[in-house]
Amino acid sequence: MSEVVFMGQTTAEQNTLFGNRNFMGGNDLVVYYVRSTVPGYNGCAAHPAGRPGCVVVRSASRWTLAHEFGHVLGLNHVSNNDRLMTGLGTFNITNPPPDLTAAESTTMRNSNLSTPL
Ligand SMILES: [Zn+2]
């Protein structure tokens, strides 16, 4: 049960959920904790245009939120369970805390959703 959807289209239900952005700015990432998704994922980073954020299922691993934020900020899956962006399921991370590469960090910092420090 790993999450695979992050750039796909959103459903009407997702659009309604992501409409809940009280007091958030346009570039603020919002996380929605939910009981479950259909189909069953640990999280999902697909979001409507202009409403950045992600969904995390309450039973997800401790790494899922960071993993989904990684997607929202432009990262793709890798096939390495030592890394945060493993596509093999964050419950399978073998060497916590999971790693981000320098290139992944740069991608996230360069996202148009990131505020320069
Ligand atoms: Zn993922």
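Residues numbered from 1 in each chain as written. Predicted model: local features only at pLDDT ≥ 70, side-chain atom pairs only at ≥ 80, totals over all residues. Heavy atoms only, no water.

1. Here's the deal with the sheet that holds strand β2 (residues 43–44)
Rules: Two strands pair under a simple rule: DSSP has to find at least two bridges between them. In this description a helix means any DSSP run of H or I spanning at least four residues, a strand means any run of E spanning at least two, and both kinds are numbered starting from the N terminus. Should any heavy atoms of two residues lie within 4.5 Å, those residues are counted as being in contact. Note on geometry: axes are lines fitted to C-alpha atoms, helical ones only across the stretch in contact, with angles between N-to-C directions running from 0 to 180 degrees.
Ordered by their spatial adjacency, three strands build an open sheet running β1-β3-β2, and the pairing between neighbours is mixed. The sheet is open, and its two borders are formed by β1 (30–34) and β2, each paired with just one other strand. Both β1 and strand β3 (residues 53–57) contribute to a ladder of five bridges, which runs parallel. Residue pairing across strands places V31 opposite C54, the latter belonging to β3. Together, β1, β2 and β3 form the strand contacts of helix α2 (residues 64–72), whose direction differs from that of β3 by roughly 155°.

2. Structural notes on the pattern of salt bridges
Here is the rule: Within this document, salt bridges are pairs made up of a side-chain nitrogen of Lys or Arg and a carboxyl oxygen of Asp or Glu, the two lying within 4 Å of each other. Relative accessibility thresholds used throughout: buried, under 20% of the residue-type maximum; exposed, over 50%; partly exposed, between the two (1.4 Å probe, protein chains only).
Using the criterion set out here, one finds one salt bridge in the structure. Here E104 makes a salt bridge to R83, at a shortest N to O gap of 2.9 Å. Taken as a pair, E104 in helix α3 (residues 102–110) and R83 in the loop between α2 and α3 lie far apart in primary sequence, 21 residues in all. For E104, a relative accessible area of 7% gives the class buried.

3. So, the state of the cysteines
What counts, and what does not: Put simply, a disulfide is two cysteine sulfurs that come within 2.5 Å.
Inspection of the entire model under this criterion finds zero disulfides. Cysteine C44 remains unbridged, with the sulfur of C54 as its closest cysteine sulfur at 8.7 Å.

4. Looking at the pairing of β3
In terms of residue burial, β3 counts as a mostly covered element, since five of its five residues are buried. Across the two faces of β3 the burial is the same, with G53, V55 and V57 and C54 and V56 all buried. Bridge count for β2 against β3 is two bridges, and the pairing is antiparallel. For C44, the partnering residue across the bridge sits in β3 and is V55.

5. Structural notes on the confidence of the model for the protein chain
Rule in force here: pLDDT measures the predictor's confidence residue by residue and takes values from 0 up to 100.
Residues at a pLDDT of 70 or more form 92% of the protein chain, whose mean pLDDT is 91. Within the protein chain, no element has a lower average pLDDT than helix α1 (residues 12–17), which sits at 93, and none a higher one than α3, at 97.

6. Structural notes on unusual backbone geometry
Excluding glycine, residues mostly carry a negative phi; peptide bonds, for their part, are mostly trans. In the segment running from V38 into P39, the intervening peptide bond is cis, with an omega of -5°. Looking at where P39 falls in the secondary structure, it is placed in the loop between β1 and β2. Of the consecutive residues P96 and P97, the connecting peptide bond is found in the cis state with omega at -5°. We note that F23 has phi near 70°; this positive angle belongs to a residue other than glycine. Position of F23 relative to the elements: it lies in the loop between α1 and β1. We classify F23 as exposed; its relative accessible area is 83%.

7. Some remarks on α2
Among all positions in α2, only T64, H67, E68, G70, H71 and V72 are buried. G74 sits one or two residues past α2 and shows a positive phi near 110°.

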